[in-house]
Amino acid sequence: MPPIDTATNALILWALIGYGLGSIPFGLLLSRIMGLGNLRRIGSGNIGATNVLRTGSKKAAALTLLLDGGKGAVAVLLARVFAGEDAAQLAALAAFLGHCYPVWLGFKGGKGVATFLGLWLALAWPVGIACCLTWLVVAFVTRISSLSALAAAASSTLWLVFLGHGTTLFLGIALTLLVYWRHSANIARLKAGTEPRIGQKSS
């Protein structure tokens, strides 16, 4: 953990800002704007890029991926510039929770993978790149998005230690556990061999 130098009121403010940014449901908004239907009634009903891809629109899925990652990165960078590293890490956690549990959607959000990657690209870009490459390699080999996400999350703590970013280790462990928690249903399907592959229009 970094030294806690920022005032408590400021930390609370950056946590709220991080949560607010993270809770913007870009997948849901883009699907409606682009006339792709109600994302909650498509595929898994998730608001993330993988489910947006099941609408058949690669453009919408790519935009969702970029925006979901970007909102996490923006939360981190703003907090770092205007407060400090302690606020940046708190804003990162809050942004992730905002994506997964947005108040606007009854606390039923996405699984946070793109936001997770965006957070690490902003917090420690070498770790972010390593996690992205891990996701890409596993996705290329297996064509299973959830397995790629789980591998990227699990590897993140190893990358943090290997690449010398130990001050973010506690945050890394917390985010990894949250990713696994949000993917509990996917883990069950992976064990059963019924997890859909990338681009598959699951019912």
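Up top you'll find the structure we're talking about.
Definitions and limits used
- All residue numbers here refer to positions counted from 1 along the written sequence of the relevant chain.
- Thresholds applied to this predicted model are a pLDDT of at least 70 for local features of residues and 80 or more for the giving and counting of side-chain atom pairs; totals over whole chains, interfaces and linings are not thresholded and use all residues.
- Hydrogens and water molecules were not included; the side-chain quantities draw on all heavy atoms of the structure.
- Between N-to-C directions, angles span 0 to 180 degrees; the directions come from axes that are lines fitted to C-alpha atoms, helices contributing only their stretch in contact.
- The way it works is that DSSP assigns letters per residue, a run of H or I at least four long becomes a helix, a run of E at least two long becomes a strand, and they are numbered from the N terminus.
- Two helices cross in a left-handed way if the nearer one is turned anticlockwise from the farther one by less than a right angle. They cross in a right-handed way if the turn is clockwise.
- Here a residue-residue contact requires only that any non-hydrogen atoms of the pair lie within 4.5 Å.
- Side-chain classes are defined by residue name, with Ala, Val, Leu, Ile, Met, Phe, Trp, Tyr, Cys and Pro counting as nonpolar, Asp, Glu, Lys and Arg as charged, and the others, Gly among them, as polar.
- Disulfides are defined as cysteine sulfur pairs within 2.5 Å.
- Only protein chains enter the accessibility calculation, which uses a 1.4 Å probe. A residue is then buried if its area is under 20% of the maximum for its type, exposed if over 50%, and partly exposed in between.
- Helix span is expected to be 1.5 Å times the residue number reduced by one.
- To get the bend at any residue, fit one axis to the seven residues that end at it and another to the seven that begin at it, then take the angle between the two axes.
- Side-chain atoms within 4.5 Å link the members of a nonpolar core, which is a set of buried Ala, Val, Leu, Ile, Met, Phe, Trp, Tyr and Cys residues.
- Put simply, angles under 35 degrees are roughly parallel, angles over 145 are roughly antiparallel, angles from 65 to 115 are roughly perpendicular, and the rest are oblique.
- For this document, the term salt bridge refers to a Lys or Arg side-chain nitrogen within 4 Å of an Asp or Glu carboxyl oxygen.

Asker: Looking at this structure, how should I read the packing of helix 4 (residues 58-82) against helix 6 (residues 113-123)?
Answerer: Angle between the axes and distance between the axes: these two values describe a pair of packed helices. The contact between helix 4 and helix 6 brings their axes to 7 Å, and the two run at 35°. Regarding helix 4 and helix 6, the two cross each other, and that crossing is right-handed. Residues L65, D68, G69, K71, G72, A73, V76, L77 and R80 of helix 4 form the contact with helix 6, whose own contacting residues are A114, T115, G118, L119, A122 and L123. Looking at side-chain class alone, the contact of helix 4 with helix 6 contains 8 nonpolar, 4 polar and 3 charged residues.

Asker: Explanation requested: the state of the cysteines in the structure shown.
Answerer: A covalent bond bridging the sulfur atoms of two cysteines is what the word disulfide describes. This structure, assessed with the given rule, holds 0 disulfides. Lacking any disulfide linkage, C100 is separated from the closest cysteine sulfur, that of C131, by 16 Å. Cysteine C132 remains unbridged, with the sulfur of C131 as its closest cysteine sulfur at 7.1 Å. Judged by its relative accessible area of 21%, C132 falls in the partly exposed class.

Asker: Help me understand helix 8 (residues 145-162) in this model?
Answerer: One full turn of an α-helix is made of 3.6 residues, so residues set three or four places apart face in the same direction. Between the first and last C-alpha of helix 8 there are 25 Å, a value that for 18 residues agrees with the 26 Å anticipated at 1.5 Å per step. In helix 8, a bend of some 35° at S156 exceeds every other bend along the element. Residues of helix 8 that are buried: S145, S146, S148, A149, L150, A152, A153, S155, S156, T157 and L160. Where helix 8 ends, the next residue or the one after it, G164, has phi of about 75°, a positive value.

Asker: I'm lost on the environment of R40 in this one. Help?
Answerer: Within the element layout of this structure, R40 appears in the loop between helix 2 (26-33) and helix 3 (49-53). Linking R40 and A149, residues 109 residues apart in sequence, is a C-alpha distance of 21 Å. Setting aside anything within four residues of it in sequence, one finds R40 in contact with L28, G45, I47, L105, K108 and G109.

Asker: Looking at this structure, how should I read the nonpolar core?
Answerer: Across soluble globular proteins, you tend to see nonpolar side chains buried next to one another. Residues V76, F96, F116, L119, W120, L123 and L175 are the most contacted members of the largest nonpolar core, which totals 28 residues. Mapped onto this core, the elements with two or more residues apiece are helix 1 (8-22), helix 4, helix 5 (85-100), helix 6, helix 7 (125-142), helix 8 and helix 9 (169-182). Residue contributions to this core peak at 7 residues, all from helix 5. In this structure F96 touches K111, G112, T115, F116, L119, L175, L178 and V179, once residues within four positions along its chain are discounted. Counting 6 residues, the second-largest nonpolar core is a separate cluster that includes L28, L39, I47 and A60.

Asker: Whenever I open this one, helix 6 confuses me. Can you help?
Answerer: Counting buried residues along helix 6, 9 of its 11 residues qualify, which places the element largely inside the surrounding structure. Where helix 6 is buried, its residues touch helix 4, helix 5, helix 7, helix 8 and helix 9.

Asker: I keep staring at the packing of helix 4 against helix 5 and nothing clicks. Help me out?
Answerer: Put simply, helix 4 and helix 5 touch, their axes get as near as 7 Å, and they point 155° apart. Relative to helix 5, the element helix 4 is oriented roughly antiparallel. Taken as a pair, helix 4 and helix 5 cross one another with a handedness that is right-handed. Every residue of helix 5 that contacts helix 4 at D68, K71, G72, A75, V76, A79 and R80 is listed here: E85, A87, A88, A91, A92, A95 and H99. Across the contact of helix 4 with helix 5, the residue classes tally to 8 nonpolar, 2 polar and 4 charged.

Asker: Before we go on, may I ask you to explain the pattern of salt bridges in this structure?
Answerer: Close approach of charged atoms allows side chains with opposite charge to pair. Under the definition given, this model contains 3 salt bridges. Measuring nitrogen to oxygen at the nearest pair gives 3.3 Å for the salt bridge that ties K71 to D68. Highlighted residues: K71 and D68, both in helix 4, separated by 3 residues, approximately one helical turn. By relative accessible area, which is 3% here, D68 ends up buried. Residues E85 and R80 are paired through a salt bridge, measuring 2.9 Å at the closest nitrogen-oxygen approach. Using a relative accessible area of 29% as the deciding quantity, one classes E85 as partly exposed. On the basis of relative accessible area, R80 is assigned to the partly exposed category, the value being 27%.

By themselves these figures say nothing about function.
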